[in-house]
Amino acid sequence: MILAPSTTELFAFGAERLLDLAADYAGPFFAYDLGVARERFARLRAALPERVRLAYAVKSNPGLPLLETFSAAGAWFDCASAGEVSVVLAAGGTGRRMVFAGPAKSERDLQAALFAGARVQVDGIEDVARLHTLHTGDEPLEVSVRVNPASGVSEGTAIIGAGGPSAFGVDEEEVAEFVAAARAYDRVRITGLQVFAASNELDAGRLLANHRTALRIGRELAGLLGHGLDLIDLGGGLGVRYTADEPSLDVRALGAGLGRVLSENPWFEGELLLEPGRWLSAPTGVYCARVVRTKVSRGQRFVMLEGGINHLLRPLLTGQSFPTVALRPGVGMLGGPADGTGGSLVPTTLAGPLCTSLDRVAPATCPRTCARGTSWCSGRPAPTRSPRR
Ligand SMILES: Cc1ncc(COP(=O)(O)O)c(C=O)c1O
């Protein structure tokens, strides 16, 4: 959906600043506002109870200046590869403020996490066995186990996919078996839990429902282990708006709710950890690409950009367009004044420069009157279809 810059708070920069940047820099570029990064981190930190640690999920954007900014603000980091560990260390992060997670950790990944002193989250008994061999310290290595809950609040766009079969963690119904098997590896001690069920959630109440599930699983895990847990990692999942009409996540309600979750669970004396990615990073940056040409093909408008999925793959992977603004209205893709009302906008596909029809930054999205949202839509009302047999 193409928006007018004045109608939305979705962008780190206003149109004027972006036009200045576009005059100074050739080619497609990403631009970030580190002040926004500082403000986001401080806002979320202030909303959370003291006992909730805040880790930045590096996979969301591993850019060094962003990591340095979060590190200086006191962030923990959630890493998923040896490369992420090294860039966090380069940015001033430390192993004491680092968790390491992933469903397919290579030996190099595990070595990097151990070298840094990160808290490793094991995804199954194989991780426990490998850490038992790799760990060289005198004391047992303290790790967390990721558990895939049997049920959870589901996502609008499947990213994590709770409640079903999953590549992540130990299935909740197999935790007892896992704990029994892990007893054979005395160089590894399970003292923490990670449960991350749904990503990009805009409703604090739904996030908190999953967090309550995590605490319930934590209590059962502690019972099986015969000792308390020092860390329960609730994952990321704090959503951001991808369109102007979506609500913003109420982080103060989330923080207050987490305070209640802690007081409802006096058995738990450790710390909670949140590891948001997009909530901290997405509003800090924009991607700018010049329009090379426009065309109408069989009734559908195309705008061809000088960059596409070679720089920005996510819209293609999830089928969810990024919010987009035309900095200079009147370049040919708008059917009328770009005054933000949407009434006169024409569905337009933003195509990239690659020789594949997969290269779509944003498929045409119909105005609400049609709401079909397909890449070929001409904006006319959808025809009535007979039901499929
Ligand atoms: C383990 C882990 N933590 C945190 C995140 C960040 O997710 P979000 O951007 O929804 O906060 C992800 C994203 O996939 C993840 O896999």
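Overview of the structure. Keep in mind that what you see is a predicted model, and the values were worked out from it rather than measured.

### A few points about the sheet that holds strand S13 (residues 291-297)
Two strands in a sheet stick together by hydrogen bonds in their backbones, pointing the same way (parallel) or opposite ways (antiparallel). The strand order S13-S14-S16-S17 describes an open sheet built from 4 strands, whose pairing is mixed. Lying at the two open borders of the sheet, with one neighbouring strand each, are S13 and strand S17 (360-362). The sheet shows a mean angle of 30° between the axes of neighbouring strands, taken without regard to direction. Note that strand S14 (residues 300-305) and strand S16 (residues 348-351) share 4 bridges and pair parallel. Looking across to S16, one finds that Arg301 is bridged to Thr348.

### Quick word on the pairing of strand S12 (residues 285-288)
Alternating residues of S12 divide into Val286 and Cys288, all buried, and Gly285 and Tyr287, none buried. Relative to S12, strand S2 (residues 29-32) runs antiparallel, the two being bridged by 4 bridges. Within S12, the position partnered with Phe30 by the bridge is Tyr287.

### Re the environment of Trp76
Turning to its location among the elements, Trp76 is positioned in strand S4 (residues 76-79). Judged by local crowding, Trp76 falls into the buried class, with 23 C-beta atoms found within 10 Å. Excluding anything up to four places from it in sequence, Trp76 contacts Arg53, Leu54, Ala55, Arg97, Met98, Val99 and Leu273.

### Focus: the pairing of strand S7 (residues 141-148)
On a regular strand, one side chain projects to one face of the sheet and the next to the other, so that they alternate. In terms of residue burial, S7 counts as a mostly covered element, since 7 of its 8 residues are buried. Pairing between strand S6 (residues 119-122) and S7: 2 bridges, direction parallel. By the bridge assignment for S7, Val122 is matched with Val145. In terms of handedness, the path from S6 via helix H6 (residues 125-134) over to S7 forms a crossover that is right-handed. Sheet analysis places S7 next to strand S9 (residues 188-194), joined by 6 bridges and oriented parallel. The residue of S9 that forms the bridge with Val145 is Leu193. Pairing geometry for S7 and strand S8 (residues 170-171), over 2 bridges, is parallel. Residue pairing for S8: Val147 is matched across the bridge by Val170.

Criteria and cut-off values
- Residues numbered from 1 in each chain as written.
- Predicted model: local features only at pLDDT ≥ 70, side-chain atom pairs only at ≥ 80, totals over all residues.
- Pairing = 2+ DSSP bridges.
- Helix = DSSP H or I, 4+ residues; strand = E, 2+ residues; numbered from the N terminus.
- Axes fitted to C-alpha atoms, helices over the stretch in contact; angles between N-to-C directions.
- Buried ≥ 20, exposed ≤ 12 C-beta atoms within 10 Å, placed from the backbone.
- Contact = placed C-beta atoms within 7 Å.
- Right-handed = clockwise from strand over helix to strand, strands pointing away.

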